[in-house]
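Coordinate inspection notes
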Amino acid sequence: MGSCGYDNIPGTPPIRPTEHHAGHISGYFAATAACTALYERQESGLGQHIDISMHECMGFTIESSAPWALYEQHPLIRQAGRHAGPQPTEPWQYPTADGRLINIFGMPRSEASWLALVGFIQEHGMGRNLSDIELLDGRKRQLGLQQPTVAMMLADIAEFIAAHEAEEIYAGAQAAGAAWSIIRTPDECLDDEHWHARGFFVQVEHEERHRTVTFPGAPYILSETPWTHGVRAPLLGEHTAEILCGELGLSLDELGALVAAGVAR
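Rules behind the numbers
- Residues numbered from 1 in each chain as written.
- Predicted model: local features only at pLDDT ≥ 70, side-chain atom pairs only at ≥ 80, totals over all residues.
- Heavy atoms only, no water.
- Pairing = 2+ DSSP bridges.
- Helix = DSSP H or I, 4+ residues; strand = E, 2+ residues; numbered from the N terminus.
- Contact = heavy atoms within 4.5 Å.
- Axes fitted to C-alpha atoms, helices over the stretch in contact; angles between N-to-C directions.
- Core = buried A, V, L, I, M, F, W, Y, C linked by side-chain atoms within 4.5 Å.
- Buried < 20%, exposed > 50% of the residue type's maximum accessible area, 1.4 Å probe, protein only.
- Patch = residues over 30% accessible without salt bridge, like charges linked within 9 Å, V, L, I, M, F, W, Y side chains within 5 Å.
- Areas by Shrake-Rupley, 256 points an atom, 1.4 Å probe, with all protein chains shown as cover.
- Salt bridge = Lys/Arg side-chain N within 4 Å of Asp/Glu carboxyl O.
- Phe/Tyr/Trp six-rings, centres within 6.5 Å; stacked < 30°, edge-to-face > 60°.
- Lys NZ or Arg CZ within 6 Å of the ring centre and 35° of its normal.
- Polar contact = N/O pair within 3.5 Å; in protein donor to acceptor, adjacent residues only side chain to side chain.
- Parallel < 35°, antiparallel > 145°, perpendicular 65-115°, else oblique.
- Nonpolar A, V, L, I, M, F, W, Y, C, P; charged D, E, K, R; others polar.

1. Some details on the sheet that holds strand β1 (residues 93-95)
- Reading across from one edge, β1-β2-β3 is the order of the 3 strands in this open sheet, with antiparallel pairing throughout. Because the sheet does not close on itself, it has two edges, and the strands there are β1 and β3 (181-182).
- The sheet contacts of helix α5 (residues 148-162) involve β1 and β2 (101-103), and relative to β1 the element is tilted by about 45°.

2. So, the nonpolar core
- Grouped together as the largest cluster of nonpolar side chains are 27 residues, with contacts concentrated most on Ile 104, Ile 121, Met 153, Ile 157, Ile 161 and Trp 180.
- Mapped onto this core, the elements with two or more residues apiece are α4 (111-122), α5 and α6 (166-175).
- With 6 residues, the top contributor of residues to this core is α5.

3. Some remarks on a nonpolar patch on the surface
- A contiguous nonpolar patch, built from Leu 115, Ile 133 and Leu 136 and spanning about 270 Å² of accessible area, is present on the exposed surface.
- A residue is classified by how much of its surface remains accessible, and Leu 115, at 42% relative accessible area, is partly exposed.

4. As for the packing of aromatic side chains
- Counted under the stated rule, the structure contains 5 aromatic pairs.
- Plain terms: the ring middles of Trp 195 and Phe 200 are 5.2 Å apart, the flat faces sit at 55° to each other, and that makes the pair tilted.
- Each ring, one from Phe 200 and one from Phe 201, has its centre 5.2 Å from the other, and the planes form 70°; the classification is edge-to-face. Phe 201 shares its class with Phe 200; the two are buried.
- Here the aromatic cluster, defined as three or more aromatic residues joined through ring pairs, consists of Trp 195, Phe 200 and Phe 201.
- The side chain of Arg 184 reaches across the aromatic face of Tyr 170, ending 5.6 Å from its centre.

5. Focus: the environment of Pro 95
- Locating Pro 95 in the fold gives a position in strand β1.
- On the accessibility criterion, Pro 95 (49% relative accessible area) is partly exposed.
- As a C-alpha pair, Pro 95 and Ile 183 span 88 residues in sequence and 9.9 Å in three-dimensional space.
- Beyond its immediate sequence surroundings of up to four residues, Pro 95 is in contact with Arg 100, Leu 101, Ile 161 and Ala 162.

6. Observations concerning the side chain of Arg 82
- Mapping Arg 82 onto the fold places it in the loop between α3 (66-71) and β1.
- Within the local environment of Arg 82, its side chain forms a polar contact with the backbone oxygen of Glu 90, the two atoms lying 3.0 Å apart.
- If we skip the residues at most four places from it in the chain, Arg 82 touches Thr 89, Glu 90, Pro 91 and Trp 92.

7. A closer look at the pattern of salt bridges
- Under the criterion given, the structure shown has 8 salt bridges.
- The salt bridge partner of Asp 137 is Arg 139, with a shortest N-O separation of 3.0 Å.
- A residue is classified by how much of its surface remains accessible, and Arg 139, at 60% relative accessible area, is exposed.
- Close ionic contact of Arg 232 with Glu 207 constitutes a salt bridge, the shortest N to O distance being 2.8 Å. Of this pair, Arg 232 sits in the loop between β5 (211-216) and α9 (240-247) while Glu 207 sits in the loop between β4 (201-206) and β5, and the two are 25 residues apart along the sequence.
- Residue class for Glu 207 comes out partly exposed when judged on its relative accessible area of 44%.
- Put simply, Glu 207, Glu 208, Arg 232 and Glu 238 are held in one network by salt bridges that share partners.

8. Brief notes about the packing of helix α1 (residues 21-44) against helix α2 (residues 54-62)
- With their axes 9 Å apart at the nearest point, α1 and α2 run at an angle of 95° to one another. The angle between α1 and α2 falls in the class roughly perpendicular. From α1, Ala 22, Gly 23, Ile 25, Ser 26 and Phe 29 reach across to α2, where they touch Met 54, Cys 57, Met 58, Phe 60 and Thr 61.
- Of the residues contributing to the contact of α1 with α2, the split by class is 7 nonpolar, 3 polar and no charged.

On their own, these measurements won't tell you what the molecule is for.
Rendered as C-alpha cells:
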C-alpha cells in the first residue's frame, strides 16, 4: 500500500506492533465475561458458563458497526468497499475512463500526504477545489460525517477519476502515498506483475484432475520461518473414514450406517 499509517514521520518504514493482538483482545473479552459472571453470582447465587471465541472477539473489534447492531439494536446498511453502518456514508468506489473502478480507501490523514495527492491530481489540470484551505484540516476530510467540505472534495476526485484510466490513477495515487486501489476481477489479479515478481502465486497439484492449479501463496515473506503451501483442499468425504474411525473410534459398520442414512459420505 502507498501508506504505512505513519506518513507524518518522514522516512519511517512500516512499524511492527507488539504482536499477539488477538490474544490480548480475547483476554480482555474473557476478563469482562468473568466479571459479568461474578456479578451474576452475587445477584442470583448462580454462576455463568464462559465460552470465548477468538474469531468472534476479533470480528467484533475490527468491525465498528457491531456496537450499533448489538447495543443500539440498529439495523446496519452494507456498503460497497467500506464499513457497514447505521447510516449510508459517502461512496469509496468511482468509475474510471476505461470502465473500471477505483477504491479510494479513505483520505490521507497527514497534511503532507494530502498535499502530495492534491499535487498529483492538479498536475492534470483538475481538482481546483482541493486547494480549499479548510481541507488542510484532516477533520474536514474525514469521510462518513456528511460534511460539505467532503462533498466538495469527493466531487473533484470523482471527476478526476472519471477522466483517467485506472492504472494511471492507481500508480499515481500510490506514489503520492494514498491507499487507492483498482477493483480487480480474479483473472486480473492473476496477471498482476508485482505479485508474480515477489513469487506470491504457487502451483498446487490436483492429482484427481491430472494438473496443477494456481493458488494464492504467502501473504508476507519471513526470513527465519519461511512459509510453505500445503496440499489442495480435501474432496468431499475424502477423510471421512480417517476422522470418524481413526480419530473418533467408530467401527466400519457404524460408518456404513451413517453413510446409508446420508449423514456422512
